[in-house]
Amino acid sequence: MTNLSVCIDAVFNGRPVEQALKAVSAAGFDAFEFWSWWDKDLDQIAALADELSLTPTICTTRFISLVDPSFREQYLEGLEASIAAAQTLGIKRLISQTGNDLGTAKEGQTESVIAGLRACVPHLEAAGIELLLEPLNTKVDHPGYFLTSSSDAFEIVKAVNSPYVKVLFDIYHQQITEGDVIRSITENIDLIGHFHTAGNPGRHELHIGELNYSEIFKAIDQADFSGYVGLEYFPLDKDQPLKFLSK
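K.L.:
Looking at this model, I keep getting lost on the sheet that holds strand E7 (residues 165-170). Mind explaining?
P.N.:
Hydrogen bonds along the backbone pair up the strands of a sheet, which may run parallel or antiparallel. Strand order in the open sheet made by the nine strands is E3-E2-E1-E9-E8-E7-E6-E5-E4, with parallel pairing throughout. Here the strands that pair on one side only, and so sit at the sheet edges, are strand E3 (55-56) and strand E4 (58-60). Inspection of the sheet shows strand E2 (residues 31-33) paired to E3 by two bridges, in the parallel sense. Across the sheet, the residue bridging to Ala31 is Thr55, located in E3. Running over the sheet, helix H4 (residues 72-89) touches E3, E4, strand E5 (93-96) and strand E6 (130-133) and is turned about 145 degrees from E5.

K.L.:
In this structure, what is going on with the packing of aromatic side chains? I would like to understand it.
P.N.:
In this description, a pair of aromatic rings is defined by centroid distance and the angle of the planes. Throughout the structure, instances matching the rule amount to nine aromatic pairs. Residues Trp37 and Trp38 carry aromatic rings whose centres are separated by 5.4 Å and whose planes lie at 85 degrees to one another, so their mutual orientation is edge-to-face. Within the aromatic cluster, the residues linked to one another by ring pairs are Phe154, Phe169, Phe195 and Phe225.

K.L.:
Mind showing me how you'd approach the side chain of Ser184 here?
P.N.:
Residue position: Ser184 is located in helix H8 (residues 181-187). Discounting chain neighbours no more than four positions away, the residues touching Ser184 are Ser150, Phe154, Phe169, Glu178 and Gly179.

K.L.:
Which parts of the structure should I look at to understand helix H3 (residues 42-52)?
P.N.:
Note on helix geometry: an α-helix contains 3.6 residues per turn, so any two residues three or four positions apart are oriented the same way. Along H3, the residues classified as buried are Leu42, Ile45, Leu48, Ala49 and Leu52. Projection of H3 onto a plane perpendicular to its axis shows the buried side chains occupying an angular sector of 125 degrees, all on one side. Opposite the packed face of H3, turned more than 90 degrees from it, sit the exposed residues Asp43, Asp50 and Glu51. Buried residues belonging to H3 abut helix H2 (17-26), E2, E3 and H4. Two or three places before Asp43, at the start of H3, stands the capping residue Asp41, its side-chain oxygen 3.2 Å from that residue's backbone nitrogen. Immediately beyond the C-terminal end of H3, within one or two residues, lies Ser53, with a positive phi of roughly 60 degrees.

K.L.:
How should I be thinking about the packing of H3 against H4 in this particular structure?
P.N.:
When two helices pack together, their arrangement is given by the angle between their axes and by how far apart the axes lie. Remark: H3 packs on H4, axes separated minimally by 9 Å, with the N-to-C direction vectors making an angle of 30 degrees. One element, H3, and the other, H4, form an angle in the roughly parallel class. In terms of crossing hand, the pair formed by H3 and H4 is right-handed. Of the residues in H4, those in contact with Leu42, Asp43, Ile45 and Ala46 of H3 are Ala85, Thr88 and Leu89. By residue class, the composition of the contact of H3 with H4 is five nonpolar, one polar and one charged.

Rules and cut-offs
Chains are numbered independently. Their residues run from 1 in the order of the written sequence. Predicted model: local features are reported for residues with pLDDT of at least 70 only, side-chain atom pairs are reported and counted for 80 or more only, and whole-chain, interface and lining totals are derived from all residues. Hydrogens and water molecules were not included; the side-chain quantities draw on all heavy atoms of the structure. DSSP-based pairing: two strands are paired if at least 2 bridges between them are found. Numbering goes from the N terminus for both helices and strands, where a helix is a DSSP run of H or I of at least four residues and a strand is a run of E of at least two. Whether two residues are in contact is decided by their heavy atoms: any pair within 4.5 Å suffices. To define axes, lines are fitted to C-alpha atoms, for helices over the stretch in contact only, and angles between the resulting N-to-C directions are given on a 0 to 180 degree scale. Any two of the Phe, Tyr and Trp rings considered here, Trp counted by its six-membered ring, make a pair once their centres fall within 6.5 Å; the pair's planes then place it as stacked at under 30 degrees, edge-to-face at over 60, or tilted in between. Throughout, exposure labels follow a simple rule: accessible area from a 1.4 Å probe, protein chains only, divided by the maximum for the residue type, with under 20% read as buried, over 50% as exposed, and the rest as partly exposed. Note: the arc covers the axis-to-C-beta directions of the helix. Two N or O atoms form a polar contact when they lie within 3.5 Å of each other; inside protein one atom must be a possible hydrogen donor and the other a possible acceptor, and for residues adjacent in sequence the pair counts only when both atoms belong to side chains. Here roughly perpendicular refers to angles of 65 to 115 degrees, roughly parallel to angles under 35, roughly antiparallel to angles over 145, and oblique to all remaining angles. By convention the crossing between two helices is left-handed if the near helix lies anticlockwise of the far one by an angle smaller than a right angle, and right-handed if it lies clockwise. Polar here means any residue outside two lists: the nonpolar Ala, Val, Leu, Ile, Met, Phe, Trp, Tyr, Cys and Pro, and the charged Asp, Glu, Lys and Arg; Gly therefore counts as polar.

Shape is all these values report; function is a separate question.
Encoded structure:
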């Protein structure tokens, strides 16, 4: 059975946290996630999560470049702060992005990402928290971003060679970038720590567009994935954004 986590920053974009979490609970879900932690009241989120019996699953690290080695110390400082924020909420996974392409050789930038992630491992091991590297599409949403391919992300994670560093596989982004998502998922399931989902095109509800999520979820379940699948879409139905998925 797929474990679903509602991304409140997407599904309830612009709404107060308290309103969003109460809506998540009312729709029958028991887990949620969000993007940035530094602009939120973490104590409020912790209290609401406890009150509503909701599990916070994941949030992002500070948005600091991994492709540029001159930002390495700044990235690690941001990671330490993000780990502390995650521990406040009992979150066990953090999302990392790479930053934008510097316009230099891909190999050098890739090596910088690998070296940066290796430097993160002792911090992650000490905290018992996983760091998930996220490839994004540059065609629609993130022009200039460095890491677009899931296969490149998997190779980076293999090179880091730590159970604390995995991939966040965003099905929406990878459908735009490369397609063939079920094969990519099932062949690399041990390297994936979390999923994100949205319909394509449009990044709206999952049943809108070309992706067959019933088959994708079936493949994830059959691969014995035990983590969470995040609902990270911008709903067309603003009044009942979770209606089509309510449990």
